[in-house]
Each structure stands twice: as structure tokens, then as C-alpha cells.
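Results of the structural survey
Here is what each chain is made of, one letter per residue.
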Amino acid sequence: MISVFDCVSAILCAIDRGLPNKEYNLGSKNSPDIRTLLKGVVQAAHSRSVVIPTPGSLVKFVLNVLDTIGLTVMYKEQFMIADEEYVLDISETEKDLDWHPQYNDEDMLKEAYRMYKENRNTNE
């Protein structure tokens, strides 16, 4: 995951370095596994929900069926890789641009949930 604020700071670092003509990976550092992330959000939300692992192939099948009948929950490109672990190497970005992420995955998820709750309550 990457914070919008970290994206902006990476852009500013690239500008400061003359806009290098390279592709750079952006992301947070030391990301925990998804189960740990979700448990942290549940706890921060003061919920009694339980995180239950589900088979990725079953989830993909259900999401594909929903997508096929027009009840799209997320883009197909997202759910087809949702059960795969991707960790981007940001070391070249850090070295070349002197950029370092300021936000971690857990803080971003908690903030997204906080904003969801705030927005949901104002629309009711």
C-alpha cells in the first residue's frame, strides 16, 4: 500500500532531482501480513468481528460471478490477484530520490476506516 501523501512526497523528491527518467516502486515498509492488518482495523474499530481466512480460489470465483452479473465489488484486475503476496522493492527509490515512506499500512487502513465512518455518518 502507499499513502497519497507518500506519493506526493516522492513526486517532489523526483522534481528536486531533475525528474529522473526511470520507473520507481512506491510502497510502505515492513508491511505485516493481511490477517494482522485486518485484526488491527477490527480492534481500532472496537468491533467484535473475527477475521476468518477464506480460500482465495473460492473468493475469486464468487467475485467473478458477481462481476459477470453486474454486481462488481472491485475491478477484476484487483480480485484476480487478491490472494497473492506482492512486496515491492523500494530500495532504489529510497537511494535515488532520497525518499522514504512516512506512513505504514496499518495507519493507512485505520485512517481509511475513520474517514469511511466519518463520511458515512454525514450522509445518513
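First, a word on scope: everything that follows refers to the structure included in this document. Keep in mind it's a predicted model, so treat the numbers as computed, not measured.

So, about helix α3 (residues 56-68). Between its first and last C-alpha, α3 extends 18 Å over 13 residues, near the 18 Å set by a 1.5 Å rise per residue. G70 sits one or two residues past α3 and shows a positive phi near 90°.

Below, the discussion takes up unusual backbone geometry. The phi dihedral of L19 is positive, around 55°, even though this residue is not glycine. Along the chain, L19 falls in the loop between α1 (4-16) and α2 (34-44). On the basis of relative accessible area, L19 is assigned to the exposed category, the value being 57%. The backbone phi angle of N30 is positive, close to 55°, even though this residue is not glycine. Within the element layout of this structure, N30 appears in the loop between α1 and α2.

Here we come to the packing of aromatic side chains. The final tally for this structure, using the stated rule, is two aromatic pairs. Ring centres 5.7 Å apart and planes at 40° place the aromatic pair F5 and Y103 in the tilted group. With F5 in helix α1 and Y103 in the loop between α5 (91-97) and α6 (105-122), this residue pair connects regions lying 98 residues apart in the sequence. Looking at Y103, the relative accessible area reads 38%, which means it is partly exposed. On the basis of an interplanar angle of 40° and a centroid distance of 6.3 Å, the ring pair of Y113 and Y116 is categorised as tilted. Here the residue Y113 and the residue Y116 both occupy positions in helix α6, the gap between them amounting to three residues, near one helical turn. Among the residues examined, Y113 registers a relative accessible area of 30% and is labelled partly exposed. For Y116, a relative accessible area of 46% corresponds to the partly exposed category.

Criteria and thresholds
- Residues numbered from 1 in each chain as written.
- Predicted model: local features only at pLDDT ≥ 70, side-chain atom pairs only at ≥ 80, totals over all residues.
- Heavy atoms only, no water.
- Helix = DSSP H or I, 4+ residues; strand = E, 2+ residues; numbered from the N terminus.
- Expected span 1.5 Å × (residues − 1).
- Buried < 20%, exposed > 50% of the residue type's maximum accessible area, 1.4 Å probe, protein only.
- Phe/Tyr/Trp six-rings, centres within 6.5 Å; stacked < 30°, edge-to-face > 60°.

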